[in-house]
Amino acid sequence: IQNAIDECAANGGGKVSFKPGIYLSGSIFIKNGVNFNIPEGTELRGSENIEDYPEIDTRVAGIEMKWPAALINVSDQDNVLIDGDGTVNGQGKVFWDYYWNLRKEYEPKGLRWIVDYDAKRPRTVLISDSENVILKDLNIQKAGFWTVQVLYSKYITVDGLTIRNNIGGHGPSTDGVDIDSSEWILVENCDIDCNDDNFCLKAGRDWDGQRVDKPTQYVVIRNSIARAGSGLFTIGSETAGDVRHVYA
């Protein structure tokens with residue numbers, strides 16, 4: 001899959017798609033000018049081995065750190081479309097179980113607060129340091145961690161996603177769509193069933209968020225459904241870089 005994306009980008013961009021079937025993959029990195037299409041009848045499954053998600057410089061829960069890459073990544077790119085009526089299955093249950101087992105170990109020690117950082121799990125889609133990206137129409141399920149994170153990016157559209165993270169259990173921290181220190185963002189026509197925040201705005205945590213000092217601003221969220229989840233629409237808990245100019 002990665003070779004096809006790289007070759008497409010090297011030849012000026014175009015469309016990378018799939019024949020119907022089930023495809024197992026670790027982290028995929030989409031490049032400039034590529035339409036990554038997952039059509040109906042295709043299921044892209046995320047590896048259940050954390051080693052298949054290389055660690056990258058990123059931000060998780062408001063702090064910049066090394067963390068596993070997502071299943072689908074758009075990092076420092078421009079002009080990308082990810083679409084299709086197919087399914088992206090994060091196969092997250094192995095990562096949910098890992099989290100709950102670690103939490104049982106940490107809580108008696110008074111370390112509940114650090115479990116989210118130590119239990120490294122893959123996001124499903126990460127759009128980071130990028131511009132002019134559209135994420136459209138996919139069926140995403142069983143995220144190992146956050147489903148979609150838009151980080152340090154602008155001019156991003158998230159349209160028509162169906163997210164189902166409570167299949168076969170209840171995945172901890174399986175946020176639906178997280179907009180994180182990003183601007184000029186449109187989220188619409190989404191239907192989210194998760195086990196944490198459905199639609200969430202973030203801007204960095206405490207001192208690290210103040211150091212980065214990037215706001216989330218000019219955000220529109222509309223025509224969407226929030227089903228299960230601990231927050232229909234939330235601002236925070238990371239807000240140190242400022243959140244403003246939001247219409248939901």
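### What to know about the packing of aromatic side chains
Step number 1: What the rule picks out here adds up to seven aromatic pairs.
Step number 2: On the basis of an interplanar angle of 65° and a centroid distance of 4.8 Å, the ring pair of F18 and Y23 is categorised as edge-to-face.
Step number 3: Classification of F18 by relative accessible area gives buried; the value is 12%.
Step number 4: Plain terms: the ring middles of W184 and Y218 are 4.3 Å apart, the flat faces sit at 15° to each other, and that makes the pair stacked. Of this pair, W184 sits in strand β18 (residues 183-188) while Y218 sits in strand β21 (residues 216-222); the two residues are 34 residues apart in sequence, bridging distant segments of the chain.
Step number 5: With relative accessibility at 43%, the residue W184 sits in the partly exposed group.
Step number 6: By relative accessible area, Y218 is classed as partly exposed at 33%.

### Points about unusual backbone geometry
Step number 1: Of note, the amide linkage connecting G236 to S237 takes the cis form, showing an omega dihedral of 20°.
Step number 2: Of note, S237 is situated in the loop between β23 (231-235) and β24 (243-247).
Step number 3: Its identity is not glycine, yet Q91 carries a phi of approximately 50°, on the positive side.
Step number 4: Its place among the elements puts Q91 in the loop between β10 (87-89) and α2 (93-106).
Step number 5: A positive phi angle is found at D213, which is not glycine, with a value near 55°.

### Side note on the layout of surface pockets
Step number 1: In this structure, the largest pocket encloses a volume near 370 Å³.
Step number 2: For the largest pocket, the lining is made up of 21 residues, of which A61, R112, D116, S173 and D196 are closest to its centre.
Step number 3: Listed by contribution, the elements that provide at least two residues to the lining of the largest pocket are α2, α3 (115-118) and β20 (197-202).
Step number 4: If you tally residues by element for the lining of the largest pocket, the top one is α2, at three residues.
Step number 5: Here the residues of the lining of the largest pocket sort into eight nonpolar, four polar and nine charged.
Step number 6: Taken as a whole, the second largest pocket holds about 160 Å³ of empty space.
Step number 7: Forming the boundary of the second largest pocket are D129, S130, E131, Y152, S153, K154, S181, S182, E183, K214, P215 and Q217.

### Quick look at the environment of G33
Step number 1: Along the chain, the position of G33 falls in the loop between β3 (28-29) and β4 (34-37).
Step number 2: Between the C-alpha atoms of G33 and I221, which are 188 residues apart in sequence, the distance is 26 Å.
Step number 3: Here G33 is in contact with G13, G14, D78, N79 and V80, once residues within four sequence places are set aside.

### Things to note about α2
Step number 1: Here α2 contains 14 residues, and its C-alpha end-to-end distance of 20 Å stays within 8% of the 20 Å for a straight helix at 1.5 Å per residue.
Step number 2: For α2, the full list of buried residues reads F95, W96, Y99, L102 and Y106. Buried residues in α2, looked at end-on, bunch into an arc of 135°, giving them a common side.
Step number 3: Where α2 is buried, its residues contact α3.

The rules we used
- Every chain is numbered on its own, with residues counted from 1 as its sequence reads.
- Whole-chain, interface and lining totals are the exception, using all residues; otherwise, since this is a predicted model, local features are given only for residues with pLDDT of at least 70 and side-chain atom pairs are given and counted only at 80 or more.
- Derived side-chain values reflect all non-hydrogen atoms in the structure, with water molecules and hydrogen atoms excluded from consideration.
- Aromatic rings from Phe, Tyr and Trp, taking only the six-membered ring of Trp, are treated as a pair when their centres fall within 6.5 Å; an angle between ring planes under 30 degrees marks them as stacked, one over 60 as edge-to-face, and anything in between as tilted.
- Here the term buried applies to any residue with accessible area under 20% of the maximum for its type, exposed to any over 50%, and partly exposed to those in between, with areas from a 1.4 Å probe on protein chains only.
- Think of it this way: any DSSP run of H or I at least four residues long counts as a helix, any run of E at least two long counts as a strand, and we number them from the N terminus.
- Grid spacing is 1 Å over the protein atoms alone, the probe is 1.4 Å, and a cavity is where that probe fits but cannot get out, while a pocket is an open set with protein on both sides within 12 Å along at least five of seven lines and lining residues have an atom within 4 Å of a point.
- Grid points are joined across faces, edges and corners, and a volume is the space filled by probe spheres set on the points.
- Three residue categories are used. Nonpolar comprises Ala, Val, Leu, Ile, Met, Phe, Trp, Tyr, Cys and Pro, charged comprises Asp, Glu, Lys and Arg, and polar comprises the others, including Gly.
- Two residues qualify as a contact provided that any one of their heavy atoms is within 4.5 Å of a heavy atom in the partner residue.
- A helix is expected to reach a length of 1.5 Å times the quantity of its residues less one.
- Arc, as used here, means the arc of the directions from the helix axis to the C-beta atoms.

Bear in mind that shape data such as this cannot, by itself, settle questions of function.
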